[in-house]
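# Residue-level structure breakdown
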Amino acid sequence: MTRKQPNSWRSLNRRLNAMTEDEVKAALVAEIDGERRVTVVERLHQRFSALRATRERLELMKEIQRETAEPIPNP
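Below, the structure is looked at part by part. (Residues numbered from 1 in each chain as written. Predicted model: local features only at pLDDT ≥ 70, side-chain atom pairs only at ≥ 80, totals over all residues. Heavy atoms only, no water.)

### Some words on the overall build of the protein chain
Scanning the protein chain for helices and strands turns up three helices and zero strands. Ordered by position from the N terminus, the helices and strands of the protein chain form the series α-α-α. Taking contacts inside the protein chain between residues at least 6 apart in sequence as the whole, the part at least 24 apart equals 59%. When the accessible surface of the protein chain is split by element, carbon and sulfur atoms take 54% of a total near 5,900 Å². (Helix = DSSP H or I, 4+ residues; strand = E, 2+ residues; numbered from the N terminus. Contact = heavy atoms within 4.5 Å. Areas by Shrake-Rupley, 256 points an atom, 1.4 Å probe, with all protein chains shown as cover.)

Here it is as structure tokens:
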């Protein structure tokens, strides 16, 4: 993992918005394997879920745009 496990609520909140989906996932796994603080796990999971949902939504929209950009075959 490239980032340290957060050692306080303040440091977590300071860094969380700048972290990528992979970094948040790594921090979540490290917290579960390490100190197992419920509030930290919940917050990391919230952020991870939000980042994942945003990525998946963008992927879906790109798929829709790609499909609608293709010509419709004649029957």
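### Here we look at helix α2 (residues 21-33)
Between its terminal C-alpha atoms α2 stretches 18 Å, which fits the 18 Å expected from 13 residues at 1.5 Å a residue. Buried residues of α2: Glu21, Glu23, Val24, Ala27, Leu28, Ala30 and Glu31, and no others. On its buried face, α2 is in contact with α1 (9-16) and α3 (38-69). (Expected span 1.5 Å × (residues − 1). Buried < 20%, exposed > 50% of the residue type's maximum accessible area, 1.4 Å probe, protein only.)

### Thoughts on the nonpolar core
Of all hydrophobic cores here, the largest spans 10 residues; its members are Leu12, Leu16, Met19, Val24, Ala27, Leu28, Val40, Leu44, Phe48 and Leu51. Looking at this core, the elements with two or more residues in it are α1, α2 and α3. In terms of residue count, the dominant contributor to this core is α3 (four residues). (Core = buried A, V, L, I, M, F, W, Y, C linked by side-chain atoms within 4.5 Å.)

### What to know about the pattern of salt bridges
Under the criterion given, the structure shown has five salt bridges. With a shortest N-O distance of 2.7 Å, Glu31 and Arg37 are connected by a salt bridge. One exposure class covers both Glu31 and Arg37, and it is buried. The salt bridge partner of Arg66 is Glu63, with a shortest N-O separation of 2.2 Å. Taken together, the residues span about one helical turn, with Arg66 and Glu63 both in helix α3 at a distance of three residues. It is possible to trace a salt-bridge network through shared partners that takes in Glu21, Arg55 and Glu59. (Salt bridge = Lys/Arg side-chain N within 4 Å of Asp/Glu carboxyl O.)

Function cannot be read off these values alone, since they describe shape.
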